[in-house]
Amino acid sequence: MADRDNTRKIKVGGVEIGGNAQISVQSMCNTKTWDVDATLSQIRALQVAGCDIVRLAIPDEKSALAIEKIREGTDMPLVADIHFDYRLALMVAERGIDKIRINPGNIGGEDKVKAVADECKKRGIPIRIGVNAGSLENRLLEKYSHPCPEAMIESAADHIKMLEKHDFFDICLSLKTSSVPLTVDTYRLASETFPYPLHLGVTETGTEYMGTIQSSVGIGTLLMEGIGNTIRVSLTADPVKEVKAGISILKAAGLRKGGVKFVSCPTCGRTEIDLISLANQVEKRVQAIDKDITVAVMGCVVNGPGEAREADYGIAGGVDKGLIIKKGEIVGTYPYDELLDRFIAIIEND
Ligand code: SF4
């Protein structure tokens, strides 16, 4: 089994990736980077949601120049996403960027790779090499006929060698595809091949619902196998949702503790109250509670009390009423209309 702790460690601003560092959650702004106010506003929203590292698209000089002002406005670790133009990498490096995502094989020659590697080394800026199945080199597509783990690994190895040649080793690696099985197989092979920390993600996964499912299966499988040091859930949605999904994946995998763990039953023919509505309202209200607790909302007195007793706070539904249980002890039975407010008040007042 792969061991994420045995990867090299890099530092992105104040956040470590790799080795024994906590697995970080990343997202990417979808604002125009040159619109400093809009970008800072989105960075703040991502920070509040629990994001650890934010990536910004740098398609042109205007965006690269904006990094200076953005840097002044936030302490969030920032990554510049750059394709093809090495001069943009040098510009953001001078303006306080914390990491650069660039593929050295795509920037047009040895001297340019050396310029970027030297500048990043001088400033302690790590580089993420991002291999994507959709943009594999023609040579590899001809050799392997289609994107496959071996082709992805060979592409990554080529990019890595270009940096290592210039004594640059602060590298992080991603190998994303839009297929969950292909992504998982590729990262498995990467974890056996490279000593560098892995940035996990399934790319182009779709909108919020399907994207969250695909990312959960792909990223979750790898995390449970001990693979992966930082994650990004890619959704065609508000980036804040990517962060929430990422944190939830880490919690589900048992890799991040803290906050409210919410449990509710799936409902069945024994359910006597409007549990779906109640569970949704409780889940929403407990999100604002900053406590390391388990909260259970169960539909009946058959399985409900047992599960509710295991939780710190629980509700077990009856006919138009419900039992509130706190740390295994029954607090009381309340009419349905009062249950939600009483339950939240009990948790908050403790
Ligand atoms: Fe059905 Fe009760 Fe189980 Fe909920 S807890 S699924 S209502 S048996």
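For the structure, check the block above.
Colleague: Go over helix α2 (residues 61-73), please, and point to the residues and values.
Modeller: Counted at 1.5 Å a residue, the expected span for α2 with its 13 residues is 18 Å, and the 19 Å between its end C-alpha atoms agrees. Largest kink in α2: about 30 degrees, centred on Ile 67. For α2, the complete set of buried residues consists of Ser 63, Ala 64, Ala 66, Ile 67 and Ile 70. For α2, the elements touching its buried residues are α1 (36-49), β4 (53-57), β5 (78-81) and α3 (86-94).

Colleague: Account for the sheet that holds strand β9 (residues 199-200), with residues named and values stated.
Modeller: What the eight strands build is an open sheet, ordered β8-β7-β6-β5-β4-β3-β10-β9; its pairing is parallel. Because the sheet does not close on itself, it has two edges, and the strands there are β8 (171-176) and β9. The pairing of strand β3 (residues 24-28) with β4 spans three bridges and is parallel. The partner of Gln 26 across the bridge, within β4, is Ile 53.

Colleague: I'd like to hear about the sheet that holds strand β14 (residues 321-326), residue by residue, with values.
Modeller: One open sheet accounts for five strands, arranged β11-β12-β13-β14-β15; its pairing is mixed. Strand pairing shows two members of the sheet lacking a second neighbour, β11 (261-264) and β15 (329-335), which therefore form its edges. Mean inter-strand twist for the sheet, computed between neighbouring axes without regard to direction, equals 15 degrees. Where β11 and strand β12 (residues 294-298) come together, four bridges link them in parallel fashion. Of the residues in β12, the one forming a bridge with Phe 262 is Val 295.

Colleague: Which residues make up the layout of surface pockets, and what are the values?
Modeller: Its boundaries defined by the atoms lining it, the largest pocket holds a volume of some 1,200 Å³. For the largest pocket, the lining is made up of 32 residues, of which Ile 247, Ser 248, Lys 251, Val 260 and Gln 287 are closest to its centre. Broken down by secondary-structure element, the contributors of at least two residues to the lining of the largest pocket are α1, α8 (208-224), α9 (239-252), β11 and α10 (275-286). With eight residues, α9 is the single largest residue contributor to the lining of the largest pocket. In terms of residue class, the lining of the largest pocket is made up of 14 nonpolar, seven polar and 11 charged. Around the second largest pocket sit 28 residues that line it, and His 83, Arg 101, Asn 132, Thr 203 and Glu 204 are the ones nearest its centre. Where the lining of the second largest pocket is concerned, the elements lending two or more residues are β7 (127-132), α6 (149-164) and β8. No other element matches the four residues that β7 contributes to the lining of the second largest pocket.

What counts and what doesn't
- Residues numbered from 1 in each chain as written.
- Predicted model: local features only at pLDDT ≥ 70, side-chain atom pairs only at ≥ 80, totals over all residues.
- Heavy atoms only, no water.
- Helix = DSSP H or I, 4+ residues; strand = E, 2+ residues; numbered from the N terminus.
- Expected span 1.5 Å × (residues − 1).
- Bend = angle between axes of the 7 residues up to and from the residue.
- Buried < 20%, exposed > 50% of the residue type's maximum accessible area, 1.4 Å probe, protein only.
- Contact = heavy atoms within 4.5 Å.
- Pairing = 2+ DSSP bridges.
- Axes fitted to C-alpha atoms, helices over the stretch in contact; angles between N-to-C directions.
- 1 Å grid on protein atoms, 1.4 Å probe; cavity = no way out; pocket = protein on both sides within 12 Å on 5 of 7 lines; lining within 4 Å.
- Points joined across faces, edges and corners; volume = space filled by probe spheres on them.
- Nonpolar A, V, L, I, M, F, W, Y, C, P; charged D, E, K, R; others polar.

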